[in-house]
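Now for the letters of each chain:
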Amino acid sequence: MGPVYCCVWDLVLGSGNLRPSINHYSLGLLEDVFPTTTAPACLSDMKIAITADIHLHVDHPERLNALRNILDQIRGRGVRYLFIAGDLFDQNNEASSRNLFEELCREYPKISVNVIPGNHDLDLRQDNFAYENIRVYDHPTAFNCGSRALLLSPYASGSMASALTGAKALRQVKGKEWILLGHGDYISGLREPNPHEPGVYMPLSRSDKDKLGPRRVILGHIHKPTPLDAPLDGDV
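Residues numbered from 1 in each chain as written. Predicted model: local features only at pLDDT ≥ 70, side-chain atom pairs only at ≥ 80, totals over all residues. Heavy atoms only, no water.

Tallying secondary structure elements over the chain gives five helices and 14 strands in all. Relative to all contacts within the chain whose residues are 6 or more apart in sequence, the contacts with residues 24 or more apart total 64%. (Helix = DSSP H or I, 4+ residues; strand = E, 2+ residues; numbered from the N terminus. Contact = heavy atoms within 4.5 Å.)

This brings us to the pairing of strand 7 (residues 112–116). For a regular strand, side chains alternate in direction, first toward one face of the sheet and then toward the other. Counting buried residues along strand 7, five of its five residues qualify, which places the element largely inside the surrounding structure. Side chains Ser112, Asn114 and Ile116 project from strand 7 onto one buried face, and the interleaved Val113 and Val115 project onto a second face that is buried too. Where strand 6 (residues 81–85) and strand 7 come together, five bridges link them in parallel fashion. Bridge assignment links Leu82 to a residue of strand 7, and that residue is Val113. A crossover links strand 6 with its parallel partner strand 7, the connecting element being helix 2 (residues 95–106), and its sense is right-handed. As paired elements, strand 7 and strand 8 (residues 134–136) share three bridges and run parallel to each other. In the strand pairing of strand 8, Val115 is matched with Val136. (Buried < 20%, exposed > 50% of the residue type's maximum accessible area, 1.4 Å probe, protein only. Pairing = 2+ DSSP bridges. Right-handed = clockwise from strand over helix to strand, strands pointing away.)

A word on the pairing of strand 14 (residues 216–220). Counting buried residues in strand 14 gives five out of five residues, a clear majority hidden from the surface. Note that strand 11 (residues 177–183) and strand 14 share five bridges and pair parallel. For Ile179, the partnering residue across the bridge sits in strand 14 and is Arg216.

Time to look at the environment of Leu180. Note on placement: Leu180 falls in strand 11. Separated by 27 residues in sequence, Leu180 and Ser153 place their C-alpha atoms 7.3 Å apart. Beyond its immediate stretch of four places on either side in the chain, Leu180 contacts Leu151, Ser153, Met160, Leu164, Leu204, Pro214, Arg216, Val217 and Ile218.

Look at helix 2: 17 Å from first C-alpha to last across twelve residues, which is about the 16 Å you get at 1.5 Å a residue. Within helix 2 the residues assigned to the buried category are Ser97, Arg98, Phe101, Glu102, Leu104 and Cys105. One side of helix 2 carries all its buried residues, which in axial view fall inside an arc of 160°. In this fold, the buried residues of helix 2 make contact with helix 1 (61–76), strand 7 and strand 8. (Expected span 1.5 Å × (residues − 1). Arc of directions from axis to C-beta.)

Here the structure, examined in full by the defined rule, presents six salt bridges. Linking Glu177 and Arg148 is a salt bridge whose minimum nitrogen-to-oxygen distance equals 2.6 Å. Here the residue Glu177 occupies a position in strand 11, and Arg148 occupies one in strand 10 (residues 148–153), the gap between them amounting to 29 residues. You can call Glu177 partly exposed: its relative accessible area is 34%. On the accessibility criterion, Arg148 (14% relative accessible area) is buried. (Salt bridge = Lys/Arg side-chain N within 4 Å of Asp/Glu carboxyl O.)

Here we come to empty space enclosed by the protein. Under the defined criterion, the tally for this structure stands at two cavities of 30 Å³ or more. Estimates place the volume of the second largest cavity at around 50 Å³. Along its surface, the second largest cavity is lined by Phe89, Gln91, Asn92, Asn93, Glu94, Ser97, Arg98, Asp121 and Leu124. Its residues placed into classes, the lining of the second largest cavity shows two nonpolar, four polar and three charged. (1 Å grid on protein atoms, 1.4 Å probe; cavity = no way out; pocket = protein on both sides within 12 Å on 5 of 7 lines; lining within 4 Å. Points joined across faces, edges and corners; volume = space filled by probe spheres on them. Nonpolar A, V, L, I, M, F, W, Y, C, P; charged D, E, K, R; others polar.)

Turning our attention to the nonpolar core. Counting 25 residues, the largest nonpolar core has Leu67, Leu71, Leu82, Leu88, Phe101 and Val113 as the members making the most contacts within it. Mapped onto this core, the elements with two or more residues apiece are helix 1, strand 6, helix 2, strand 7 and strand 8. Looking at which element gives the most residues to this core, the answer is helix 1, with five residues. Other than its neighbours up to four places away in sequence, Val113 contacts Leu71, Leu82, Ile84, Phe101, Cys105, Asn133, Ile134 and Arg135. (Core = buried A, V, L, I, M, F, W, Y, C linked by side-chain atoms within 4.5 Å.)

This brings us to unusual backbone geometry. We note that His55 has phi near 55°; this positive angle belongs to a residue other than glycine. Relative to the helices and strands, His55 resides in the loop between strand 5 (47–51) and helix 1. According to the relative accessible area criterion, His55 is buried, its value standing at 3%. One non-glycine residue, Met202, lies in the positive phi region at around 40°. Relative to the helices and strands, Met202 is located in the loop between strand 12 (186–187) and strand 13 (204–205). Take Met202: its relative accessible area is 1%, and that puts it in the buried class.

Here it is as structure tokens:
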């Protein structure tokens, strides 16, 4: 498995940059957003963190250590929310890795760990975990922060547009500036092969992106850094 990369994003100001962490893993920060069902007024001085593709496996303890490093940084910066955009686990329904992850999360009770299933852990569900600071989103979910929003899109067969079209979460972000956080391939012109994942997984095309209308797209699965000052097609 290659290194994990993330982004730093300011939801309120609409700007961002890439910020590296040790061990070639990266920590992304995003101004805090809240679940639509419980959202108070936006608190712009709060932040969330975003990462993806940790691929936890009992035979690779360095990956768990990398996640611990990210959680340590989050705690040190006073960040309360971590979002993992797919493939937290390397194998679907691997109980030993889930137990190690839950034990790690118990060491950080003030951090809410929010997991979007990817193609490697697509059967991940909320009832796989007992600890209260772990949340799994197995269907599209919207988080709103005033006039801005974050839409979570877990992995599913077919295209990302087909998974979101008609979804309640997409209606909830209508009229807002919103960021799409998902797990899959981005298809724009000539596609560069992904050496870690042959084939095409939950693709988002340029035309589908334009129809959906997010201001910015942040995707797990690609295993390649994209500097936010030079994003694909201007916003991916």
